[in-house]
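Analysis of the macromolecular model
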Amino acid sequence: MSMDLDPDEVFRDDEDDPESEFYKERDATKELLVYLVDASPKMFSTTCPTREKKNLQDLSGVYVFNVPEREDLDRPTARLIKEFDRIEEIFDKEIGSKYGIVPGSRENSLYNALWVAQALLRKGSAKTADKRMLLFTNEDDPFGNLKGVIKVDMMRTTLQRAKDAQDLGIAIELLPLSRPDDDFNVSLFYTDLLGLEGDDLAQFKALVGERFEDLKDQLRKRMFKKRRVRRLRFLIFNGSSIELNTYALIRPTNPGTITWLDSMTNLPLKTERSFICADTAAIIQEPVKRFQSYKNENVMFSMDELSEVKRVSTGHLRLLGFKPLSCLKDYHNLKPATFVFPSDEELIGSTCLFVALHRSMVRLKRFAVAFYGNSSHPQLVALVAQDEIMTPSGQVEPPGMHLIYLPYSDDIRHVEELHTDPNSVPHATDDQIKKASALVRRIDLKDFSVCQFANPALQRHYAVLQALALDEDEMPEIKDETLPDEEGMARPGIVKALEEFKLSVYGENYEEDDAKTDGKAEPSRKRKANAMKEYSNYDWSDLADNGKLKDLTVVELKYYLAAYDIPVTGKKEVLISRILTHMGK
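Residues numbered from 1 in each chain as written. Predicted model: local features only at pLDDT ≥ 70, side-chain atom pairs only at ≥ 80, totals over all residues. Heavy atoms only, no water.

Naming follows an unreviewed UniProt entry, where the protein appears as ATP-dependent DNA helicase 2 subunit KU70-like isoform X2 of Nicotiana tabacum.

Structure (structure tokens):
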């Protein structure tokens, strides 16, 4: 049953006990990857002759792009990124290009490339490392220029070389590039090299586009290795329990921690804290103690004793019962949930019991209520079973349970309680509800995911770090995907739905009523005039060129924005970004 629940070992933990033979045989803790890029003239708009080959085997037609320090490939550095930025210049001047497999020559560049890549991946065993080759090419028939026995022999030896690499645990993956006038026909040669047939071949063709999109999306993402948060024991009944591993699926990404440096040596500073006696000014060496006044006496407590007093529970989950899923409301989820998955590492049979419980909860549409007692905030939690969701491209949602932290009654505040007279609370009419629903349907984001939008402040932070590390004169342009889609909102259907909603809420004369303010000027005009007056007191171009906008207050930054009718909402970094964008800097 455990294999059916997690056939791809998605929730195998990366930090399992290395002494356990069971986990040692199944865990791959490293990923070794070689990119094989076809550099034949067919891949470029121009041709230039090959001027250099570079590989340890001294094989013709293969150039291994590397850096002086090989270990730099394991972790991107400023030097490595600079080398990659120059790769186009290096290619034109040094490497060059030529047709790899031509008649009248026994040179087999594809065979040589597979051989060199296999040698680069010789480090580590298949049990401890995931080894892959990624082949990029738009040549679907690399031996198309050959005929007869020579073609058959070279194809056979190349396929055998690929099979040898695969037998050593090296996966070979193809990312075919189609030319504008010709589609890539994988059936001409690469089906045999990759071992594709039947449904696998059809699935490979269908997923080619998605694989390139996935590769592109991953380029600027920071990848985190999967780590369990902690291990829990789920107490069921009569001493039966399930061992669970907990995982944080989605959490906000924050900038790295600040490292304080010595102003003279530029070395990291070490922070130390000492406690000084108020009476003698001597440094206290003994552990800090707390006290509580009781009957005119100070009762002393050590930190360990205080921790023990605060301990409400053992820190495990205790099942209390089950309730229908309809009882669980959206507003009960006060903070990000935790994903739980079974483990047989210490309690054999946990997965079997978890699967039975999981299937019953999914079938009966129930969630489990449990007490989660920890020292800081003991509370009730809801365990909601999630079934597996699969698509042709793979697993979208894993099977397991979400641990949702339930609120106390004081955490839920009803809006009606803010009004002294419940009868005075305004209620929307049926027509207003209908118009609002139509507007929401018009502007609804299809297949929305939080992963679709990058944090612009965080992207700008890393862009600044990149510019500093690489000595770049200009900072990379960051696109703020959280700004309103003005072009999309201007579509006729959305404009019509918005106007109908305004009409149903404010009536036909709402614009005129807004302008009538007892004969006084419209408030927005007053703000505009004040902003224009204050705007003239600053040299905005000089402030932007010298990076001094950050020294202004939020109120001062809004003078510029209001003067040009630019939105003034958001944090200080957002306002500065809007000003620089408007100024074209």
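Still more to cover.
With that settled, the discussion passes to the pattern of salt bridges. Per the stated rule, a full pass over the model turns up eight salt bridges. One salt bridge in this structure joins glutamate 243 and arginine 231, with 2.8 Å as the shortest N-O distance. Taken as a pair, glutamate 243 in strand β5 (residues 240-247) and arginine 231 in strand β4 (residues 230-237) lie far apart in primary sequence, twelve residues in all. A network of salt bridges, in which partner residues are shared, links Arg231, Glu243, Glu345 and Glu346. (Salt bridge = Lys/Arg side-chain N within 4 Å of Asp/Glu carboxyl O. Helix = DSSP H or I, 4+ residues; strand = E, 2+ residues; numbered from the N terminus.)

On to the environment of isoleucine 412, then. Relative to the elements of secondary structure, isoleucine 412 occurs in the loop between β14 (400-405) and α11 (430-443). For the pair formed by isoleucine 412 and leucine 334, sequence separation is 78 residues and the distance between their alpha carbons is 9.8 Å. Ignoring sequence-local partners within four residues, the contact set of isoleucine 412 consists of Tyr331, His332 and Pro407. (Contact = heavy atoms within 4.5 Å.)

Moving on, we get to the layout of surface pockets. Roughly 1700 Å³ of internal volume is contained in the second largest pocket. Together, 44 residues line the second largest pocket, and Arg460, Ile576, Ser577, Leu580 and Thr581 are the ones closest to its centre. Elements that contribute at least two residues to the lining of the second largest pocket include exactly α12 (456-469), α17 (540-545) and α19 (572-583). Across the lining of the second largest pocket, the residue classes tally to 21 nonpolar, eight polar and 15 charged. (1 Å grid on protein atoms, 1.4 Å probe; cavity = no way out; pocket = protein on both sides within 12 Å on 5 of 7 lines; lining within 4 Å. Points joined across faces, edges and corners; volume = space filled by probe spheres on them. Nonpolar A, V, L, I, M, F, W, Y, C, P; charged D, E, K, R; others polar.)

The sheet built from three strands is open, its strands ordered β1-β2-β3 with parallel pairing. Because the sheet does not close on itself, it has two edges, and the strands there are β1 (30-37) and β3 (170-176). Neighbour-to-neighbour, the strand axes of the sheet open up by a mean angle of 20°, direction not taken into account. Where strand β2 (residues 129-137) and β3 come together, seven bridges link them in parallel fashion. (Pairing = 2+ DSSP bridges. Axes fitted to C-alpha atoms, helices over the stretch in contact; angles between N-to-C directions.)

Moving on: the side chain of threonine 191. Following the sequence through the fold, threonine 191 ends up in helix α7 (residues 190-194). Filtering out sequence-adjacent residues up to four positions away, threonine 191 remains in contact with Val186, Leu196 and Leu201.

Turning our attention to a nonpolar patch on the surface. On the surface, a nonpolar cluster with roughly 570 Å² of combined accessible area is contributed by Leu249, Ile250, Leu445, Phe448, Val450 and Phe453. Along the polypeptide, phenylalanine 453 turns up in the loop between α11 and α12. The exposure class of phenylalanine 453 is partly exposed, given its relative accessible area of 33%. (Patch = residues over 30% accessible without salt bridge, like charges linked within 9 Å, V, L, I, M, F, W, Y side chains within 5 Å. Areas by Shrake-Rupley, 256 points an atom, 1.4 Å probe, with all protein chains shown as cover. Buried < 20%, exposed > 50% of the residue type's maximum accessible area, 1.4 Å probe, protein only.)

This part is about the pairing of β4. Taken together, the seven bridges between β4 and β5 define a ladder with antiparallel strand orientation. Each residue of the ladder has a partner; that of arginine 231, found in β5, is asparagine 245. The hairpin turn running from β4 into β5, its antiparallel successor, is two residues long, and asparagine 238 in that turn takes a positive phi close to 50°.

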